[in-house]
Amino acid sequence: MPFLITQANISDENGNLLMSSNGCWIADATGDTMMNGDSLNPNSFTNDYCNVVSFGLPLPHGNIILPYPNNPDKYILFHQTGNYNNNLISTEIYYSEIDLSLNGGLGAVTAKNQIIFSDNLVWGLAACKHANGRDWWIVALRDASTIIHKILLDSTGVTYMGTQNLGFPLPIAPNNAVQTLFSPDGTKFVYGSGQAGTNPLHDVRLFNFDRCSGNFTGLEYVAINDSSTGFGFAFSPDSKYLYHSSFQRIYQFNTNTANIAASKTIVAVNDGYYSPVPPYQSDFWLMYLAANGKIYISSGSSVVDLHYINYPDSAGMACDVHLHDLHLPCWTARANVYHPNYYLGCDTTSGCPCLITGINEISQHDFKFSVSPNPNNGNFKIMYLLPLNQKGIFEVYDVTGKKSSFLSPSSMEYIAKL
C-alpha cells in the first residue's frame, strides 16, 4: 500500500498488524485489499489522488481506526477527503465498519462510506477515550470558524453529538492546516491555525477537555512570532509538555504552569541540512508520540531522515532533540500515523461510571509484560511497557523472596525508562 499523507493502521495486543488504510482503500493483515475495502471517500478529489497520483490521500490525520466497544471483532474507520468544489476542504465525515471475524479472520468491510454529518471542515480528526473507559469521542473542526463537531462511538454505534463554540479568536486563515490532538491523559486538546507566504503567522490553541461530558474549556491562546509558519503538535508521554513546530523551530510549553505562554522555550532550530537523495531540506512538519515515549517529526519535502525528541518528559534542552538522525529505507514527506491512547482507563471524578469490568479493568493500567521463552532453561527475556511510558521500578525476586541483584541500579533505571 502506498501512502502520501493520510494513513492509519491498528494492531492486536501482541503487535500483529490487523489492517491499514491510505484513505483510498483498506488493506488486511496480508497487505491485500480487504473484502469490500475498496473505493473509500468517493469523489473526484479522491479519484485523482488514488487512481492518478496513486499514492493515497494528502490529508494529515484524515484516518482514525478505533475498536468497537464491547465487540472484539469489530472496528470503525473514521475518514474524510478533500473537495474540489469547495476550496479543497473536507465536506463530509465518513465511517466504515470492519468485522475481523469474516473472510477467515482477515476481515471484511460490512458498512462503507456512511456519512455522519456534512459541513465545511478542516483536514484532520482526533479521538479520545471516554471517561467511562469504554467509549470514544471523535472531533472535527469547522473551517474558518471556532466551531468543533463531536461524535460518540459507543456499544450502540456511531452518534453525532452536535457542536460547541470553542471561543478563541477566529483562525488566521481559511483552509488552514492543523494537527488536532488530545493529550495522552485525555485532559487537554490542542490545535493550531497558520498562514504561509510572505507574512507567515501561526498560533497555538490549547483547551481543557472533560472526558465525561465531551466539553472543552479555554486554557491558553498563544500567538507564535516566528519567521515561518508551522503545524506540528505533540504532547509528552506524561502530558505535561506540549511541543509545537514551525518549519524552522521546535517549541516546548509547560502546560502545568499558570502562564503557559511564558514557558515557551525553543528546543531546536533547523540547521539547514539537505537530505542528499533527493536534495530537499529536512524542516519540521508533523509530530507523532510513539509507544516508545519518543516524539518523531516529519519534514515537508521528500526526505529519507526523521527528526526525533529523545526525552520529551524533560524540560528545556534536556528533552534532547535529534535532527535528521533516524534514517529511513524510503522517502517520506509530511506524513505521520495517528494513534490515540487506546489504553486510557476510567475517570469517575467527573461523574461518569466505569463501564469496563473483569479482565478489561486490568488493561486500563496499560502495563504490558511478557517473559519468553516460557517455559525456559533459565535463560529468558523480560519485556515490559510502563503505563503511558512513565518511569517505574523494576525488581525481580527469587522463590525465597530475596530480591535479585542481577541488574545494576543504573541499568535498572535505563530499562524503566524504555
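Given the structure is predicted, the values throughout are model-derived calculations rather than measurements.

A. Highlighting the overall build of the protein. Within the protein one finds three helices and 27 strands. Residues classed as buried in the protein amount to 52% of the 418 residues present. Considering only intrachain contacts with a sequence separation of at least 6, the fraction spanning at least 24 residues in the protein is 50%. Carbon and sulfur atoms provide 54% of the accessible area of the protein, an area that totals close to 18400 Å².

B. Just the pattern of salt bridges, in detail. Inspection of every chain in the model, using the stated rule, returns six salt bridges. When the shortest N-O distance is used, the salt bridge between K112 and D38 registers 3.1 Å. Separated by 74 residues along the polypeptide, K112 in strand β7 (residues 108-121) and D38 in the loop between β3 (26-27) and α1 (44-53) bring together distant segments of the chain. Overall, D38 belongs to the partly exposed group, its relative accessible area being 37%. Here E97 ties to K74 by a salt bridge, and the two come within 2.9 Å at their closest N and O atoms. Of this pair, E97 sits in strand β6 (residues 90-99) while K74 is found in strand β5 (residues 74-79), placing the two residues 23 residues apart along the sequence.

C. Seen up close, the environment of L18. If you trace the backbone, L18 turns up in strand β2 (residues 17-21). Under the relative-accessibility criterion, L18 is labelled buried at 16%. In this structure, the C-alpha to C-alpha distance between L18 and G107, residues 89 residues apart in sequence, is 8.7 Å. When near neighbours in sequence (up to four residues on either side) are disregarded, L18 contacts I10, S11, D12, A27, D28, A29, Y75 and L100.

D. Summary view of the state of the cysteines. A full pass over the atoms with the stated rule returns three disulfides. Disulfide partner of C24: C50, at an S-S distance of 1.9 Å. On the S-S bond that ties C24 to C50, the torsion sits near -85°, and the link is left-handed. Highlighted residues: C24 in the loop between β2 and β3 and C50 in helix α1, separated in sequence by 26 residues.

E. Local environment of the sheet that holds strand β12 (residues 181-182). Pairing in this open sheet of four strands is antiparallel, and the strands run β12-β13-β14-β15 from one edge to the other. For this open sheet the edge positions go to β12 and β15 (216-224), each flanked by a neighbour on one side alone. As defined by bridge partners, strand β13 (residues 188-195) adjoins strand β14 (residues 201-209) across eight bridges and the pair is classed as antiparallel. Looking at the pairing, G192 lines up with V204 of β14.

F. Representation of the nonpolar core within the structure. If you look at the biggest cluster of nonpolar residues, it comprises 62 residues, and the most contacted ones within it are M19, L66, F78, F182, F189 and F216. The greatest single-element share of this core, amounting to six residues, is contributed by strand β9 (residues 136-141). Setting aside chain neighbours within four positions, we find L66 in contact with Y75, I76, F78, A127, W136, I138, L153, P340 and Y342. Formed by 13 residues, the second largest nonpolar core is a distinct cluster that contains V267, A268, I297 and V321.

G. Focus on the sheet that holds strand β23 (residues 295-297). Judged by pairing direction, the sheet is antiparallel, and its four strands sit side by side in the order β22-β23-β24-β25 without closing on themselves. Only two strands of the sheet have a single partner each, and these edge strands are β22 (287-289) and β25 (321-332). Taken over all neighbouring pairs, the strand axes of this sheet differ in orientation by 30° on average, direction set aside. Relative to β25, strand β24 (residues 303-309) runs antiparallel, the two sharing five bridges. Looking at β25, one finds that V303 is bridged to T332.

H. Up close: the environment of N176. By secondary structure assignment, the location of N176 is in the loop between β11 (157-165) and β12. The spatial distance from the C-alpha of N176 to the C-alpha of H202 is 9.8 Å, given a sequence separation of 26 residues. Among all residues touching N176, those that are not within four sequence positions of it are V122, D143, P171, G192, S193 and G194.

I. Just empty space enclosed by the protein, in detail. Evaluation of the coordinates by the stated rule reveals two cavities of 30 Å³ or more. What the largest cavity holds in volume is close to 50 Å³. Lining the largest cavity are V122, L141, R142, S145, P171, N176, V178, Y191, G192 and S193. Looking at which element gives the most residues to the lining of the largest cavity, the answer is β13, with three residues.

J. How the structure looks around a nonpolar patch on the surface. Taken together, the side chains of V52, V53 and F55 present a nonpolar region at the surface, about 280 Å² in accessible area. With respect to the element layout, V53 can be found in helix α1.

K. Focus on the pairing of β11. Inspection of the sheet shows strand β10 (residues 147-154) paired to β11 by eight bridges, in the antiparallel sense. The partner of I151 across the bridge, within β11, is Y160.

L. Spotlight on the environment of A261. Mapped onto the elements of the fold, A261 is located in the loop between β18 (249-254) and β19 (265-269). The exposure class assigned to A261 is partly exposed, which follows from its relative accessible area of 30%. Between the C-alpha atoms of A261 and V204, which are 57 residues apart in sequence, the distance is 9.4 Å. Among all residues touching A261, those that are not within four sequence positions of it are E220, V222 and F253.

The rules behind each value
Residues numbered from 1 in each chain as written. Predicted model: local features only at pLDDT ≥ 70, side-chain atom pairs only at ≥ 80, totals over all residues. Heavy atoms only, no water. Helix = DSSP H or I, 4+ residues; strand = E, 2+ residues; numbered from the N terminus. Buried < 20%, exposed > 50% of the residue type's maximum accessible area, 1.4 Å probe, protein only. Contact = heavy atoms within 4.5 Å. Areas by Shrake-Rupley, 256 points an atom, 1.4 Å probe, with all protein chains shown as cover. Salt bridge = Lys/Arg side-chain N within 4 Å of Asp/Glu carboxyl O. Disulfide = S-S within 2.5 Å. Pairing = 2+ DSSP bridges. Core = buried A, V, L, I, M, F, W, Y, C linked by side-chain atoms within 4.5 Å. Axes fitted to C-alpha atoms, helices over the stretch in contact; angles between N-to-C directions. 1 Å grid on protein atoms, 1.4 Å probe; cavity = no way out; pocket = protein on both sides within 12 Å on 5 of 7 lines; lining within 4 Å. Points joined across faces, edges and corners; volume = space filled by probe spheres on them. Patch = residues over 30% accessible without salt bridge, like charges linked within 9 Å, V, L, I, M, F, W, Y side chains within 5 Å.

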